[in-house]
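Secondary and tertiary structure notes
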Amino acid sequence: MEQQFISNLSTTSFSIEEGSVNAKSPSNIALIKYWGKKKNQIPTNSSISYTLTNSYTETELKFKKKQSDNFEVEVYLEGEKKNSFSPKIITFFERIIDYVPFLKGYKFTVHTHNSFPHSSGIASSASGMSALALCLVQIENNLGANLSEEESLKKASFLARLGSGSACRSVFKGLVEWGENNFIKGSSDLYGTKYPDTEIHEVFKTFHDTILLIHEGQKSVSSTVGHNLMNNHPYAEHRFVEANENLEKLIPILKNGDVKAFGELVEHEALTLHAMMMMSNPAFILMKPNTVAALEKLWEYRRETDKQLFFTLDAGANIHLLYPASDALEIEIFIEKELKAFCQNGNYIKDKVNF
Ligand code: PMV
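Just so we're clear, the structure is a prediction, and the values are computed from it rather than from any experiment. (Residues numbered from 1 in each chain as written. Predicted model: local features only at pLDDT ≥ 70, side-chain atom pairs only at ≥ 80, totals over all residues. Heavy atoms only, no water.)

**A word on a nonpolar patch on the surface**
A contiguous nonpolar patch, built from Y235, M278, M279 and I285 and spanning about 420 Å² of accessible area, is present on the exposed surface. Among the structural elements, I285 can be located in the loop between helix 6 (259-278) and helix 7 (289-304). (Patch = residues over 30% accessible without salt bridge, like charges linked within 9 Å, V, L, I, M, F, W, Y side chains within 5 Å. Areas by Shrake-Rupley, 256 points an atom, 1.4 Å probe, with all protein chains shown as cover. Salt bridge = Lys/Arg side-chain N within 4 Å of Asp/Glu carboxyl O. Helix = DSSP H or I, 4+ residues; strand = E, 2+ residues; numbered from the N terminus.)

Okay, structure coming up:
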């Protein structure tokens, strides 16, 4: 058990009969990818992500005292009751009960809303688990834990990680690092850490992320299955070392504003994640034909213009287009004219980094 996150509240008597708290948390997009984990959601390598602005989850958590000694949770998504969501939350509660002593003392009702359509293929687990963890820490404070702002965020990140690994990075704004290494001060496997704004060149604080919805709907492989495929994968050990090396390489790039080197590294990371999945057993191809077609168009555009347009990918077919605000006007014309056609329903989401 992680002693620093054990609550100072008593485990039996809680002073509040009922109440409600709210939290809003954005999604994030990894530049250096987390792919592979050990027991208890410990990552096999360090990762770093941009926290987004427009893609977020808003959650209201209502709680009411009860007598029974089990977990009771009801979940509503966009106002509609979702019985299928409760087991996931209960699994999460089971994992965090040692750190959140009041989970069996109350009946919980979760009302959650995503700013992005559920069917878009944008994962809501990071923003959703982060928002829920922030709500739980608020309740803990209302019950008398009195954690400081810094302690509260760290604990929320620690709890969110136990819900969905990458969710621990959504608790903070800007660039957020997760995974212990010897080159980022304060880095930890247990929670995300805000990467210092003073170490980031201004250009990287202006980045846009336009998400091409190449394929809406469920991903072909869940991240749980994907992470597990890294066990006994012939190239996994090399990948874990390389990811850490890539993060170390990114540090001077972030500082000196080398946008080209940033793009090269970030695209390599995205393609490596996909290559790992193609080489796993069973194998998965996460891109769709239109993903490849759009990436080729993007590379052609970059060869022919001097615009700073780069991509990254999650474990799915959609494309995150990354570019600085200085080039946004022209790039957004190109997206509308050339790339939109590759989106399943002509849909894309315009987002930005959140500093
Ligand atoms: O947080 P999970 O278990 O859903 O894993 C997410 C992994 C990637 O999104 C593919 C990469 C990352 O670092 O966010």
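**Brief notes about the pattern of salt bridges**
A full pass over the atoms with the stated rule returns 16 salt bridges. A salt bridge links K81 to E74; the shortest N-O distance between them is 3.9 Å. For K81, a relative accessible area of 42% puts it in the partly exposed group. Linking K107 and E74 is a salt bridge whose minimum nitrogen-to-oxygen distance equals 3.4 Å. Taken together, the residues K107 in strand 7 (residues 106-114) and E74 in strand 5 (residues 72-77) connect sequence positions 33 residues apart. Here the residues in one salt-bridge network are E74, K81 and K107, joined through shared partners. (Buried < 20%, exposed > 50% of the residue type's maximum accessible area, 1.4 Å probe, protein only.)

**Here we look at the packing of helix 1 (residues 86-96) against helix 3 (residues 149-163)**
Between helix 1 and helix 3, whose axes approach to 9 Å, the crossing angle comes to 125°. Put simply, helix 1 runs oblique to helix 3. Between helix 1 and helix 3 lies a crossing whose hand is right-handed. On helix 3, the residues touching F92, R95 and I96 of helix 1 are L159, L162 and G163. Of the residues that constitute the contact of helix 1 with helix 3, the class distribution is four nonpolar, one polar and one charged. (Axes fitted to C-alpha atoms, helices over the stretch in contact; angles between N-to-C directions. Parallel < 35°, antiparallel > 145°, perpendicular 65-115°, else oblique. Left-handed = near helix turned anticlockwise from the far one by under 90°. Contact = heavy atoms within 4.5 Å. Nonpolar A, V, L, I, M, F, W, Y, C, P; charged D, E, K, R; others polar.)

**A short note on the sheet that holds strand 13 (residues 348-352)**
Taken together, the four strands give an open sheet; going across it, the order is 11-12-10-13, and neighbouring strands pair in antiparallel fashion. Two strands in the sheet have a free side with no partner beyond their single neighbour: strand 11 (310-313) and strand 13. Between one strand and the next, the sheet's axes are offset by a mean angle of 25°, whatever the strand orientation. Relative to strand 12 (residues 319-323), strand 10 (residues 208-212) runs antiparallel, the two being bridged by five bridges. If you follow L212 over to strand 12, its bridge partner there is I319. Contacting strand 10, strand 11 and strand 12, helix 7 crosses the sheet at an angle of about 155° to strand 11. (Pairing = 2+ DSSP bridges.)

**A look at unusual backbone geometry**
Cis peptide bonds are those with omega within 30 degrees of zero, and the linkage from N281 to P282 qualifies with 0°. Following the sequence through the fold, P282 ends up in the loop between helix 6 and helix 7. Backbone geometry at N146 places phi at a positive 55°, although glycine is not the residue there. Among the residues examined, N146 registers a relative accessible area of 66% and is labelled exposed. A positive phi angle is found at N232, which is not glycine, with a value near 60°. Mapped onto the elements, N232 comes out in the loop between helix 4 (223-228) and helix 5 (236-256).

**Quick word on the side chain of N45**
Tracing the backbone through its elements, the reader meets N45 in the loop between strand 3 (42-43) and strand 4 (47-65). A relative accessible area of 3% means that N45 is categorised as buried. One polar contact links the side chain of N45 to the main-chain carbonyl oxygen of K33, over a distance of 3.1 Å. Sequence-distant contacts of N45, defined by excluding residues within four places in its chain, comprise K33, Y34, W35, W178, F240, A243 and N244. (Polar contact = N/O pair within 3.5 Å; in protein donor to acceptor, adjacent residues only side chain to side chain.)

**Details of the packing of helix 2 (residues 125-145) against helix 3**
At a closest axis distance of 8 Å, the pairing of helix 2 and helix 3 adopts a crossing angle of 135°. It follows that helix 2 is oblique to helix 3 by the angle criterion. Where helix 2 crosses over helix 3, the two elements pack in a sense that is right-handed. Packed against helix 2, whose contacting residues are M129, S130, A133, L134, V137, E140 and N141, the element helix 3 presents S152, L153, K155, A156, L159, A160 and G163 at the interface.

**Topic: the site of the ligand**
Residues in contact with the ligand amount to 13 residues; listed here are only the nearest, Y34, S166, R169, S223 and D314. At 2.8 Å, a side-chain N or O of S223 approaches an oxygen atom of the ligand. In the shell around the ligand, the residues fall into five nonpolar, five polar and three charged. (Near = heavy atom within 4 Å.)

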